[in-house]
Amino acid sequence: MKSLVLILVSYTTLLSIIHHTASSFSASSTTTTTITISPPSSADDYRQLTALLVSTFDAPQSCQEDDEVPLMERLQWDLFEKSLTEEFTYKRYVSLARKMRGKKYCLLVAKQIDEDSDDVSLSSLGSSNGVVGMVEMGMSLCPVDANNTSTTTDDDDMNNSSKEAMSPSPLIGVICVSPTHQKEGIGMKLLNKCEEVARDIWKEEFICVDVEPNNAPALSLFEMGGYMESFDGEGDALMRNTTILRRRRAEVKPHYLLRKRIRDDDDGCDPNDR
């Protein structure tokens, strides 16, 4: 009987030790995930940025949720269109980053970093899980006063009256987040970083964005961020034709023009700083 009691006590003690050890191991292996926003710093960053852009904007998309991409279109994309488009996009962004160095141009990526919270050495380095979002911002001619701007403008064919109502302004041209990381606030972090650069470094008063009318997620993001539609003299939402690249080909499509004030007059903005 005593032997049975000793066995039971020993077994209970062993379970307690195992449970304590397992808990300690679980605690020591806890990792935290953070999102960093910074310019691309390596060729791998540009490759991942390219893959994200191509999968978001260039890959075959069904017109409706229940539709399937035609088989021939899918085969064509998988066999050669995808690789050609990725290589074209990669070279374009690497070349553009070099060309625009030192100018008012901003290309940022959101990278997921897994950190070990209990290991100082690992926490300081972290392990990158790759690019999960990106944004591109540059300077473009945008309306100074929407009431003096026609409903449709073309960057390449602008009449004198339109020029009088236009002024260079920071413009967010592209922003996207990986489908696996949407609704995590990454898009807003990218947006806030662009506003910070335009306000604090470029010393700009306004920031603009072109958005396709059927891009509901983007419209919702910018609305939450405080961006407002511009209106023409008749009270209609201002739209303008914008050139975009799809599968290495240029397309001209109408976009809404949204704008946000990011710097007040009393912030000490000197016009000579521009």
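To keep things clear, this report deals only with the structure shown in the data block. (Residues numbered from 1 in each chain as written. Predicted model: local features only at pLDDT ≥ 70, side-chain atom pairs only at ≥ 80, totals over all residues. Heavy atoms only, no water.)

As for unusual backbone geometry
Counted only if it meets this: A run of H or I in DSSP counts as a helix once it spans at least four residues, and a run of E counts as a strand once it spans at least two, with each numbered from the N terminus. Per-residue accessibility, obtained with a 1.4 Å probe over protein chains only, is compared with the maximum for each type, and a residue is labelled buried under 20%, exposed over 50%, and partly exposed between these values.
Phi angles above zero are rare outside glycine, and K203 is one such case at about 60 degrees. Tracing the chain through its elements places K203 in the loop between α6 (186-201) and β5 (206-211). A relative accessible area of 27% places K203 in the partly exposed class.

Observations concerning the pattern of salt bridges
Any two side chains of opposite charge can pair, given that their charged atoms come close. To keep things clear, this is the line we draw: What makes a salt bridge here is a side-chain nitrogen of Lys or Arg within 4 Å of a carboxyl oxygen of Asp or Glu, nothing more.
By the definition in use, this model includes 13 salt bridges. The partner of E73 in a salt bridge is R247, with the nearest N and O atoms 3.6 Å apart. Separated by 174 residues along the polypeptide, E73 in helix α3 (residues 71-99) and R247 in the loop between β7 (239-246) and β8 (249-261) bring together distant segments of the chain. On the basis of relative accessible area, E73 is assigned to the partly exposed category, the value being 29%. Residue classification places R247 among the buried residues on the basis of a relative accessible area of 17%. Of the charged contacts, one joins E251 and K253 as a salt bridge, the two residues approaching to 3.7 Å between their closest N and O atoms. Given the relative accessible area of 29%, K253 is considered partly exposed.

Considerations on helix α2 (residues 43-58)
Stated precisely, the cut-off is as follows: The span one expects for a helix is its residue count, reduced by one, times 1.5 Å.
For α2, with 16 residues, the first-to-last C-alpha span of 21 Å sits near the 22 Å given by 1.5 Å per residue. What α2 keeps buried is the set D45, Y46, L49, T50, L52, L53, V54 and D58.

Let's talk about the layout of surface pockets
Vacant regions in the atomic arrangement are exposed by a probe of water-molecule size rolled over the atoms. Quick note on the threshold: Both cavities and pockets are sets of points on a 1 Å grid over the protein atoms alone; in a cavity a 1.4 Å probe fits but cannot get out, in a pocket the set is open with protein on both sides within 12 Å along at least five of seven lines, and lining residues sit with an atom within 4 Å of a point. Grid points are joined across faces, edges and corners, and a volume is the space filled by probe spheres set on the points.
Approximately 330 Å³ is the volume attributed to the second largest pocket. Forming the boundary of the second largest pocket are 17 residues, of which P39, Y46, A97, Y105 and L107 lie nearest the centre. Listed by contribution, the elements that provide at least two residues to the lining of the second largest pocket are α3, β2 (105-116) and α6.

Structural notes on the nonpolar core
Here is the rule we go by: Put simply, a nonpolar core is a bunch of buried Ala, Val, Leu, Ile, Met, Phe, Trp, Tyr and Cys residues held in one set by side-chain atoms that sit within 4.5 Å of each other. Working rule for contacts: check all heavy atoms of both residues, and any pair within 4.5 Å makes them a contact.
Of all hydrophobic cores here, the largest spans 25 residues; its most connected members are M137, I172, I207, F222 and Y227. Broken down by secondary-structure element, the contributors of at least two residues to this core are β2, β3 (127-143), β4 (166-177), α6, β5 and α7 (216-224). Residue contributions to this core peak at six residues, all from α6. When sequence neighbours within four positions are dropped, the list of residues in contact with I207 reads M137, S169, P170, I172, C194, E195, A198, Y227, L258, R259, K260 and I262.

As for the side chain of E195
Among the structural elements, E195 can be located in helix α6. With sequence-adjacent residues up to four places away left out, E195 is seen in contact with I207, G225, Y227, K260 and I262.

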